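Inside the fold
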Amino acid sequence: MRADTADYRHLFLEDIPLLDVRAPVEFSHGAFPTACNLPLLMDSEREKVGTCYQQQGQEAAISLGHSLVNGTVKAARIEGWKAFATQHPQGFLYCFRGGLRSQLVQQWLRDQGIDYPRVKGGYKALRRFLIDSLEHGLARQPAIVVAGLTGTGKTELIQALDNAIDLEQCAHHRGSSFGAHARPQPSQIDFENRVAIALLKHQQKPAQTLLLEDEGRLIGRCALPQSLLQLIRQAPIVWLEDSLAAREQRILDEYVSAMLLEYQQLYPDDPELAYNHFADYLRSSITRIRKRLGGGLCQQLLDHLEEALGEQRRNGSCHLHQQWIHLLLTHYYDPMYSYQSQQKPRQILCRGDQQTLLGFLAGLPGSISASAY
């Protein structure tokens, strides 16, 4: 029989499966990457029990809860928990504070012959541990930032390094106006949890220098914690370079070819709907920055985009997309990046292409190793 645990670090470092028995609305506001939501109370049931608790007290609320989760409803939920426990024998369960709900689920499982341990303190304690770990970890964390013009492959470089945290992967967003994916971003809390867990894992490695991509305050709708943003702004940088032609091709691959595939995978039975969503994604990505582009350039980009979308719809060719991509890089992103760099000059440790930077980073004390690349 395994004991209940308060070893939160172990849970996150080992990616231990977690059974979250909170209501769906609680789970949607914030959870953990390895958690599965199998609620004791659904949202409407939780609301009724909460109202009863406020008006009549705990005993009446518990009695109401038992009447709401009874008979076939109770049996179905127990079957779900049993299946999770059987599939994940090393896991743990939790509710919000590690109180009545998780204790009740634990007891009902025990009645079925399954001893399944709880996380002491529940979600609240796990979340507090991650908040504190992130703040304390960043305060003593040496870092190097990968910077460079749009399309140089900064994310590719980050993903090739063992001692890097891919913040854009954590945010499920590529960090620009065109950075959205077909599926939505995580909640702010989920994003922060992912970053904190990634930092915990990084700090178990012998090489302590952390590689991060140069990011602004927001990655899509996910805001960087202030301590992380400060680290990025103060750390020295390595500057990644690539040719304009290679950058244009990379943008074409990511924002056109890969995004159309994402929508096709999201709507496998309706290719027309997939294409319409893809086209709307490109249009809205341009119009979102209309004020910064200026009316004339924005209209140019939209005209080229419509021409490219028409050709792509007719024969599948992506060739004409290169027109608006070239304009976007040379008339918007490059000048903007140049202006920002002049406003906030930073220490540059090395300039070069991907192989040059990989070689430089591998030669640093406590070297940063590259995975297969």
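Bear in mind the structure is a predicted one, so any value in this text is a computation, not a measurement.

Conventions and cut-offs
- Residues numbered from 1 in each chain as written.
- Predicted model: local features only at pLDDT ≥ 70, side-chain atom pairs only at ≥ 80, totals over all residues.
- Heavy atoms only, no water.
- Axes fitted to C-alpha atoms, helices over the stretch in contact; angles between N-to-C directions.
- Helix = DSSP H or I, 4+ residues; strand = E, 2+ residues; numbered from the N terminus.
- Parallel < 35°, antiparallel > 145°, perpendicular 65-115°, else oblique.
- Left-handed = near helix turned anticlockwise from the far one by under 90°.
- Contact = heavy atoms within 4.5 Å.
- Nonpolar A, V, L, I, M, F, W, Y, C, P; charged D, E, K, R; others polar.
- Pairing = 2+ DSSP bridges.
- Salt bridge = Lys/Arg side-chain N within 4 Å of Asp/Glu carboxyl O.
- Buried < 20%, exposed > 50% of the residue type's maximum accessible area, 1.4 Å probe, protein only.
- Expected span 1.5 Å × (residues − 1).
- Arc of directions from axis to C-beta.

What follows concerns the packing of helix α12 (residues 244–266) against helix α13 (residues 271–287). Relative to each other, α12 and α13 sit at 140 degrees, their axes nearing to 8 Å. As far as their axial angle goes, α13 and α12 are oblique. The way α12 lies across α13 gives a crossing that is right-handed. On the side of α12, the interface is formed by Y255, V256, M259, L260, Y263 and Q264, while α13 contributes A274, Y275, H277, F278, Y281 and L282. Its residues placed into classes, the contact of α12 with α13 shows 10 nonpolar, two polar and no charged.

A few words on the sheet that holds strand β5 (residues 210–213). Within the open sheet, the four strands sit side by side as β5-β4-β8-β9. Their pairing is parallel. In this open sheet, the two edge strands, each paired with only one partner strand, are β5 and β9 (348–352). Strand-to-strand twist in this sheet, taken as the mean axis angle between neighbours without regard to direction, amounts to 25 degrees. Note that strand β4 (residues 143–148) and strand β8 (residues 237–240) share four bridges and pair parallel.

Going through the model one piece at a time under the given rule, you end up with 18 salt bridges. One salt bridge in this structure joins E272 and R313, with 2.7 Å as the shortest N-O distance. With a gap of 41 residues between them, E272 in helix α13 and R313 in helix α15 (residues 295–315) connect regions that are remote in the sequence. Residue classification places E272 among the partly exposed positions, given a relative accessible area of 43%. Sharing partners across several salt bridges, the network here consists of E26, R46 and R101.

Bringing helix α7 (residues 122–139) into the picture now. In this model α7 runs 26 Å from its N-terminal to its C-terminal C-alpha over 18 residues, within 8% of the 26 Å that 1.5 Å per residue would give. Among all positions in α7, only G122, Y123, A125, L126, R127, F129, L130, S133, L134, G137 and L138 are buried. Residues of α7 that are buried in the fold lie against α1 (8–13), β3 (92–94), α10 (188–202) and α11 (226–234).

Turning to the sheet that holds strand β2 (residues 35–37), a few remarks are in order. One open sheet holds the three strands; their spatial order is β2-β1-β3, and the pairing between them is parallel. Only two strands of the sheet have a single neighbouring strand rather than two, namely β2 and β3. If you compare each strand with its neighbour and ignore which way they point, the axes differ by 25 degrees on average. Pairing of strand β1 (residues 18–20) with β3 involves three bridges; the strand directions are parallel. When the bridges of β3 are listed, L19 appears paired with L93.

Moving on: the environment of Y339. Take Y339: it is sitting in helix α16 (residues 321–343). When the C-alpha atoms of Y339 and T356 are compared, they prove to be 25 Å apart, with 17 residues separating the residues in sequence.

Let us look at α13. With 17 residues, α13 ought to run about 24 Å at 1.5 Å a step, and its terminal C-alpha atoms sit 24 Å apart, in line with that. Restricting attention to buried positions, one finds in α13 the residues A274, Y275, F278, A279, Y281, L282, S285 and I286. Buried residues of α13 fall within an arc of 150 degrees about the axis and therefore sit on the same side.

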